[in-house]
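# Remarks on the overall topology
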Amino acid sequence: MEARSVDAIPVGKEWQYEPKWDGFRCLLARDRDAVSMRSKSGQDLARYFPEIVAAARDLREQRLVLDGELVVEIGGQFSFNDLLQRIHPAASRVQKLSRDTPALFLAFDLLELGDKKLADQPLSRRRPQLEKLAGRSFSSAPLFRLSPASTKFGDAERWLQSAGGGSDGVVAKRLDLPYQTGKREGMQKIKRYRSADCVIGGFRYGEKLQAGRKAVASLLLGLYDADGLLHHHVGFSSAIKAKDKPALTERLEMIAATKSFTGNAPGGPSRWSTRRSSEWQAVKPKYVVEVSYDHFTGGRFRHGTTILRWRSDKKANQCTMEQMKQKIARDLMRAIEPA
């Protein structure tokens, strides 16, 4: 079941609201001792989360299919960065991480239970059955938690405003529809967007020429830490209009430098590094831009940012990590604590 991105929370009696968790979406199926875990793309997740497999076998129900989210709790909030570390090729490392940073499975839908196929039933009937299952079974498997849900618009507004530390918005689902496999008709997602002032520390050229010359494809953004070091690891912005690229390229080439980031710099060792991702041009840390973003975790923006405006009124050294501190959504964290 997919979600359609919208700008505002829908209103009406046909909607159920849930927090939008920042984790790995997972379909978990148990058939006695056989447990499978699949991502949205069909990737096998069971080998990376053996503790969840073991916990699933502790459930009272011998046969079920759950839709939910895998998260890792660190310091009272969910850490996507620690969750990413769980996808490791070495079995010994997987076993160690399963003990050091065990995951939780936040269940938000029940598709099968015993011999009953529930996916064809409307959510208004599936949700009560999920809540009954959680009430009688999750206590024996504490790594399984019930994700909160509400039909009150006020709850959805509060969850959206308090997004952070593991949640990045709200999901609205149609109560009157069956499970919409592979479709976006029954679910909408609303993210909370924030803004931050960042320093342009460099850029990457695009692969295609524009007007016969190279043009900027993305900006490399940085923030200063408490020691005055400029770190790149916050992220990038590639949402640049084609008509703006020639002037922007000329503007940045005029302040080209041999070094800009004094802390973490682009192109460092990574399992995801490519030759192209290590090619970039440093510039003097002179320009400040305000960018919008949807989520900040592990010291960086989760996704690419969008430039809102240039901040000629702000000095580069005023752009610090301090502005990125997020409040923990404590009411949401309490809502998933075991009874």
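The preceding data block contains the structure.
Attention in this report is confined to the structure presented alongside it. (Residues numbered from 1 in each chain as written. Predicted model: local features only at pLDDT ≥ 70, side-chain atom pairs only at ≥ 80, totals over all residues. Heavy atoms only, no water.)

### Concerning the overall build of the chain
- Check the secondary structure of the chain and you find 7 helices and 19 strands.
- Its C-alpha atoms put the chain at 70 × 50 × 40 Å along the principal axes.
- Across the 339 residues in the chain, those meeting the buried criterion constitute 47%.
- Restricting the contact set of the chain to residue pairs at least 6 apart, pairs at least 24 apart contribute 71%.
- The averaged location of the 40 negative side-chain charges in the chain is 3 Å from the averaged location of its 58 positive side-chain charges. (Helix = DSSP H or I, 4+ residues; strand = E, 2+ residues; numbered from the N terminus. Buried < 20%, exposed > 50% of the residue type's maximum accessible area, 1.4 Å probe, protein only. Contact = heavy atoms within 4.5 Å. Lys, Arg positive; Asp, Glu negative; His and termini not counted. Charge placed at Lys NZ, Arg CZ, Asp CG, Glu CD.)

### What about the sheet that holds strand E11 (residues 187-191)?
- Here 4 strands make up an open sheet; going across it, the order is E1-E11-E10-E2 and the pairing mixed. Edge positions in the sheet fall to strand E1 (4-5) and strand E2 (15-21), since each of these pairs with one other strand and no more.
- Of the strand pairs in this sheet, E2 and strand E10 (residues 167-174) are connected by 6 bridges, and their pairing is antiparallel. The residue bridging Trp-21 from the neighbouring strand is Ser-167, located in E10. (Pairing = 2+ DSSP bridges.)

### Structural notes on the layout of surface pockets
- Reported here for the second largest pocket is a volume of approximately 640 Å³.
- For the second largest pocket, the lining is made up of 29 residues, of which Gly-23, Phe-24, Arg-25, Lys-40 and Glu-69 are closest to its centre.
- Looking at the lining of the second largest pocket, the elements with two or more residues in it are E2, strand E3 (24-31), E10 and E11.
- No other element matches the 4 residues that E2 contributes to the lining of the second largest pocket. (1 Å grid on protein atoms, 1.4 Å probe; cavity = no way out; pocket = protein on both sides within 12 Å on 5 of 7 lines; lining within 4 Å. Points joined across faces, edges and corners; volume = space filled by probe spheres on them.)

### Let's talk about the packing of aromatic side chains
- For the structure on display, the rule yields 10 aromatic pairs.
- Ring centres of Trp-21 and Phe-78 lie 5.5 Å apart, and the angle between their planes is 75°; on these two criteria the pair is classed as edge-to-face. A residue pair is termed long-range when its members are at least 10 positions apart, and Trp-21 in strand E2 and Phe-78 in strand E6 (residues 77-78) qualify at 57 residues.
- Judged by its relative accessible area of 4%, Trp-21 falls in the buried class.
- Residue classification places Phe-78 among the buried residues on the basis of a relative accessible area of 5%. (Phe/Tyr/Trp six-rings, centres within 6.5 Å; stacked < 30°, edge-to-face > 60°.)

### Points about the nonpolar core
- Of all hydrophobic cores here, the largest spans 52 residues; its most connected members are Met-37, Phe-49, Ile-52 and Phe-144.
- Per-element accounting of this core gives the leading share, 7 residues, to strand E7 (residues 103-113).
- Beyond its immediate stretch of four places on either side in the chain, Phe-144 contacts Leu-28, Ile-52, Ala-55, Ala-56, Leu-59, Leu-66, Phe-105 and Phe-138.
- Counting residues in hydrophobic clusters, the runner-up holds 29 residues, among them Ile-200, Val-234, Val-291 and Ala-316. (Core = buried A, V, L, I, M, F, W, Y, C linked by side-chain atoms within 4.5 Å.)

### A word on helix H1 (residues 50-57)
- Listing the buried residues of H1 in full gives Glu-51, Ile-52, Val-53, Ala-55 and Ala-56.
- In this structure, the buried side of H1 is in contact with E3, strand E4 (34-38), strand E5 (63-74), helix H3 (91-100), E7 and strand E9 (144-146).

### Here's the deal with H3
- When H3 is considered as a whole, its buried residues turn out to be Val-94, Leu-97 and Ser-98. Projection of H3 onto a plane perpendicular to its axis shows the buried side chains occupying an angular sector of 105°, all on one side. Among the exposed residues of H3, those pointing more than 90 degrees away from its buried face are Ser-92 and Arg-99.
- Looking at the buried side of H3, the elements it contacts are H1 and helix H2 (80-85). (Arc of directions from axis to C-beta.)

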